[in-house]
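A closer look at the structure
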Amino acid sequence: MSGVRRAHGREGGARSLTSPVPAHRYRTAPLPLPPPRRGEHRGGTGKAGIRPCGDVRRGCPTRGARRMSGGDMAKPLLGHRSTDGDASVTPATGRAIGVLGSGDFARSLAIRLVCSGFKVVVGSRNPKRKASLFPSAAEVSFQAEAVKKADVIFVAVFREHYSTLCDLADVLVGKILVDVSNNTEINQSKESNAEYLASLFPACTVVKGFNVVSAWTLQSGARDGNKQVLICSNNQEAKRTVAEIAQVMGFTPVDMGCMSSACEIENMPLRLLPAWKIPIFLSLGLFLCFFTYNLIRQVIHPYIREQKNKLYKIPIEVVNTTLPCVAYVMLSLVYLPGVLAACSQLYYGTKYRRFPDWLDQWLQHRKQIGLLSFFCAALHAGYSFCLPLRRSHRYQLIETAVKQAVEKKMNIWVEEEVWRMEIYISVGIIALGLLSLLAITSLPSIANSLNWREFSFIQSTVGFIALVISTLHTLTYGWSRAFDENQYKFYLPPTYTLTLLVPCTVILAKVIFSLPCIQHRLLRIRRGWEKGRYVKFVLPSTTGEYSSGETSSNV
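Read on for a plain summary of the structure.

Criteria and cut-off values
Residues numbered from 1 in each chain as written. Predicted model: local features only at pLDDT ≥ 70, side-chain atom pairs only at ≥ 80, totals over all residues. Heavy atoms only, no water. Helix = DSSP H or I, 4+ residues; strand = E, 2+ residues; numbered from the N terminus. Expected span 1.5 Å × (residues − 1). Buried < 20%, exposed > 50% of the residue type's maximum accessible area, 1.4 Å probe, protein only. Pairing = 2+ DSSP bridges. Core = buried A, V, L, I, M, F, W, Y, C linked by side-chain atoms within 4.5 Å. Contact = heavy atoms within 4.5 Å. Axes fitted to C-alpha atoms, helices over the stretch in contact; angles between N-to-C directions. Parallel < 35°, antiparallel > 145°, perpendicular 65-115°, else oblique. Nonpolar A, V, L, I, M, F, W, Y, C, P; charged D, E, K, R; others polar. 1 Å grid on protein atoms, 1.4 Å probe; cavity = no way out; pocket = protein on both sides within 12 Å on 5 of 7 lines; lining within 4 Å. Points joined across faces, edges and corners; volume = space filled by probe spheres on them. Salt bridge = Lys/Arg side-chain N within 4 Å of Asp/Glu carboxyl O.

Spanning 13 residues, helix H7 (residues 236–248) covers 19 Å between terminal C-alpha atoms, matching the ideal 18 Å at 1.5 Å per step. Most of H7 sits inside the fold, with eleven of its 13 residues counted as buried. Three or more residues of H7 are buried, namely Ala-238, Lys-239, Arg-240, Thr-241, Val-242, Ala-243, Glu-244, Ile-245, Ala-246, Gln-247 and Val-248. One or two positions beyond H7, positive phi appears at Gly-250, with a value near 100°.

Below, the structure written as structure tokens:
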């Protein structure tokens, strides 16, 4: 869900190592990779493509892994790959890879490496006992023997066990050590695990990577988990080597810079929904406010004024009245920060002035707010379908039928109410469909397949249409009841009238911004024009020399 984008926002960050990416995603060029050998697979869906392995318990021989049927792992993840690298670098497929450790992650890593066509050598302190846990194609030996047979070694042991590897310091000289460990707490130590490993083995090149990938993802392939592998190291060549291995395994390597980024990478798996905390608390706060308001109107008011027990309405009816209010307001809050940002740009006449921190945070959480809006709307649709299934609803239908029979009413058809409900339900279905489209295109896999104009059109234009249709849905629900004094319980207006405040403000602001005079000025500002900046021209005099008079004009 997008509104007005910040031109001066924070850009850059992680960049892909293995292939070009759209220009609107990253500005840095990918690292070139060495050209493939003849017959080596570097993407595509040909016969030489990488296939997911079969039974992980029996192992996956290299040939068998390369002959398996096509799947997601057989398809290129990032389109094309550069061939401008050094041809002297050993291609990733077929090279020997060492794994130190025999835990769950080490076993999953060995399975994925074998299925990707690598020769895997596992180093264990008890190889005879652990050999049955690894694929038959993987060689399990003592740690010293395994280290000698590979140049790239994955260190799959905990930080507290790093010191047990000090006996291998002589044979590890010149090797690339890939640290895959994680901590149990954020910022658990002053230095990261990778930096600590590098201090123990100064003659080795340490690369931090694969710690954000789970053992399940390694076994099932990149189809069922996050495809990104975050990599950092002080050695550019070592990063490129590990990046090539990651892509052959079916993942997308992302360069996170030098070794100082290792601490941040190790903290990432420990954070619980860092980008969702503010939107979740916001939605919960709105839900509690509207729920309390509806509880007073629908349950407490009848009990005090009419001595009627309406507590049975709380689980379904009160919740179902609250959910659309939250969804509607949350949807409007997606586009309200864009309106505020546009007002700021028009007021100051520039796009280079920083927004306040609260507005900056608001702009960054629009996607999460929009997805929560869709979630509440979907729950509202589900609850609405369940309303006729309630026992209380059936009793009310029977009671109404009995009253009509007693009063001998043969025709209770009200044309206005029929049309109101027909329009109300139809518009609601359309609004939910548009929200579903916005939610689907917010997913990274779908968003990456769209160019910027397509993504902006769906999230901005279609999103605004969804807001307008949701407003019509709310208005048809209220109809003329806003002017009925019986609807004001304890002098409190109906709930839907409160929800209209923010969305109508956003819609009115959007209409004002669409006026040609304001739209033209806002467009100039977003293209770099600034209020108060002038270009001064000095006109030459008749004698051929420049005069002291100056004229100025706006750019």
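Burial along strand S5 (residues 152–155) is two-sided: Val-152 and Phe-154 and Ile-153 and Val-155, pointing in opposite directions, are all buried. Where strand S2 (residues 96–100) and S5 come together, four bridges link them in parallel fashion. Residue Val-99 lies in a different strand from S5, and its bridge partner there is Phe-154.

Our focus in this paragraph is the nonpolar core. Across soluble globular proteins, nonpolar side chains show a tendency to be buried alongside one another. Residues Leu-286, Leu-333 and Leu-438 are the most contacted members of the largest nonpolar core, which totals 51 residues. Listing elements by their share of this core, those giving two or more residues are helix H9 (277–306), helix H10 (314–348), helix H11 (357–364), helix H12 (366–386), helix H14 (415–442), helix H16 (452–478), helix H18 (501–513) and helix H19 (516–526). Listed in part, the 34 residues of the second largest apolar core include Val-122, Ile-176, Phe-210 and Met-249.

Turning our eyes to something else, we now look at the side chain of His-365. With respect to the helices, strands and loops of the structure, His-365 is situated in the loop between H11 and H12. Looking at His-365, the relative accessible area reads 8%, which means it is buried. The residues contacting His-365, other than those within four sequence positions of it, are Ala-275, Ile-278 and Pro-279.

Take the packing of H10 against H19 next. Their axes nearest at 10 Å, the elements H10 and H19 cross at an angle of 85°. When the axis of H10 is compared with that of H19, the two are roughly perpendicular. The residues of H19 that touch H10, namely those facing Ala-342, Gln-345 and Leu-346, are Ile-518, Arg-521, Leu-522, Ile-525 and Arg-526. Here the contact of H10 with H19 is built from residues that sort into five nonpolar, one polar and two charged.

Let's shift gears to the layout of surface pockets. To find leftover empty space, one rolls a probe the size of a water molecule over the atoms. Estimated volume of the second largest pocket: approximately 2300 Å³. Along its surface, the second largest pocket is lined by 49 residues, and Asn-320, Leu-387, Tyr-424, Tyr-477 and Arg-481 are the ones closest to its centre. Ranked by residues supplied to the lining of the second largest pocket, first place goes to H14 with nine residues. Taken together, the residues of the lining of the second largest pocket break down into 22 nonpolar, 17 polar and ten charged.

It is worth spelling out the pattern of salt bridges at this point. In this structure the tally under the stated criterion is 15 salt bridges. Ionic pairing is found between Glu-237 and Arg-240, a salt bridge with its closest N-O pair at 3.0 Å. With Glu-237 and Arg-240 both in helix H7, this residue pair falls three residues apart, about one helical turn. Its relative accessible area of 38% is what places Glu-237 among the partly exposed residues. Assessed through its relative accessible area of 12%, Arg-240 is described here as buried. Ionic pairing is found between Glu-264 and Arg-271, a salt bridge with its closest N-O pair at 2.9 Å. Each of the salt bridges in this network shares a partner with another, and the network as a whole consists of Asp-179, Lys-208 and Glu-266.

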